[in-house]
Amino acid sequence: SELIDLTSRTETEVIAPSMVQSLGQHRLSVNTHFYDLEIVEAATLKADGRRVEVQRDKIVETSGAETSTNILFQADVKTRVVPFPELAAGDRTLIVTRTVQKRAALAGGTARALTFPPTLRIEEAKITVDAPRDVKLHVTDRALTHTREDRGERTLVQWIIPRQTYAADEASAVSTADWAPMLGFSTFE
């Protein structure tokens, strides 16, 4: 199949009061022509152990067509803004999403590439690709390693990205896509 279903779980720790405003809302953009996006879970995880759920009626959806410069190219792009209630330093935000691809962007296959620059402050990331065994899956990575396991009619490829030391972007630097740890997979020849 040429279509990908993606489930993503992201926890972000607010390590300083100055980060509350920038991390207090999460923006999720999706092209609705190609994908359906479901917000499975969203909550503020308080330092004292409480969980404060994001109220569904507080999630706002905007359209790329709202700006005149995007009307032709972004008409199908929708952005959901998820506000995290009662967020303070020491808390974490949690968001779990499921993206279901409705149609292929290019005929003949599918591909995905992810880059992990040191500005992300990753504590640990786990990426698993679960594909039918008969799909010819091409895999590449840089500064990472992967495992591949056949399980009956399925093939699982998994990367575990360990803790990264934070480094700020440098002015006029080469794009992180050219040098940072990355992984990619494709069904194209």
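Definitions and limits used
Residues numbered from 1 in each chain as written. Predicted model: local features only at pLDDT ≥ 70, side-chain atom pairs only at ≥ 80, totals over all residues. Heavy atoms only, no water. Phe/Tyr/Trp six-rings, centres within 6.5 Å; stacked < 30°, edge-to-face > 60°. Lys NZ or Arg CZ within 6 Å of the ring centre and 35° of its normal. Pairing = 2+ DSSP bridges. Helix = DSSP H or I, 4+ residues; strand = E, 2+ residues; numbered from the N terminus. Axes fitted to C-alpha atoms, helices over the stretch in contact; angles between N-to-C directions. Salt bridge = Lys/Arg side-chain N within 4 Å of Asp/Glu carboxyl O. Buried < 20%, exposed > 50% of the residue type's maximum accessible area, 1.4 Å probe, protein only.

(A) Expanded view of the packing of aromatic side chains. Taken as a whole, this structure holds zero aromatic pairs when the rule is applied. Directly above the aromatic system of Tyr166 lies the positively charged group of Arg121, at a separation of 3.7 Å from the ring centroid.

(B) The sheet that holds strand S1 (residues 5-13), seen in detail. If you walk across this open sheet you meet the four strands as S1-S7-S3-S4, and the pairing is antiparallel. Only two strands of the sheet have a single neighbouring strand rather than two, namely S1 and strand S4 (51-53). On average, adjacent strands in this sheet sit at an angle of 20° to one another, irrespective of strand direction. Alignment of S1 against strand S7 (residues 92-101), held across nine bridges, turns out to be antiparallel. Within S7, the position partnered with Glu13 by the bridge is Arg92.

(C) Local environment of the pattern of salt bridges. This model, assessed by the stated rule, comprises 16 salt bridges. Asp36 is paired through a salt bridge with Lys102; the nearest N and O atoms lie 3.4 Å apart. With a gap of 66 residues between them, Asp36 in strand S3 (residues 35-45) and Lys102 in the loop between S7 and strand S8 (111-115) connect regions that are remote in the sequence. Here Glu123 and Arg163 are joined by a salt bridge, their closest N and O atoms 3.3 Å apart. Of this pair, Glu123 sits in the loop between S8 and strand S9 (125-132) while Arg163 sits in the loop between strand S12 (154-161) and strand S13 (182-186), placing them 40 residues apart in sequence.

(D) Here's a closer look at the environment of Phe188. In this fold, Phe188 is placed in the segment after S13. Placed 63 residues apart in sequence, Phe188 and Ala125 show a C-alpha to C-alpha distance of 26 Å.

(E) View of the sheet that holds strand S6 (residues 77-83). What the three strands build is an open sheet, ordered S2-S6-S5; its pairing is antiparallel. Taken across any chain shown, the strands that pair with only one partner, and hence form the sheet edges, are strand S2 (25-31) and strand S5 (60-63). Pairwise comparison of adjacent strand axes, ignoring direction, gives a mean angle of 25° for this sheet. Of the pairings in the sheet, the one linking S2 to S6 comprises seven bridges and is antiparallel in character.

(F) Region of interest: unusual backbone geometry. Not every positive phi belongs to a glycine, and Arg121 is a case in point at roughly 55°. By secondary structure assignment, the location of Arg121 is in the loop between S8 and S9. In this structure Arg121 comes out as partly exposed when scored by relative accessible area, which is 40%.

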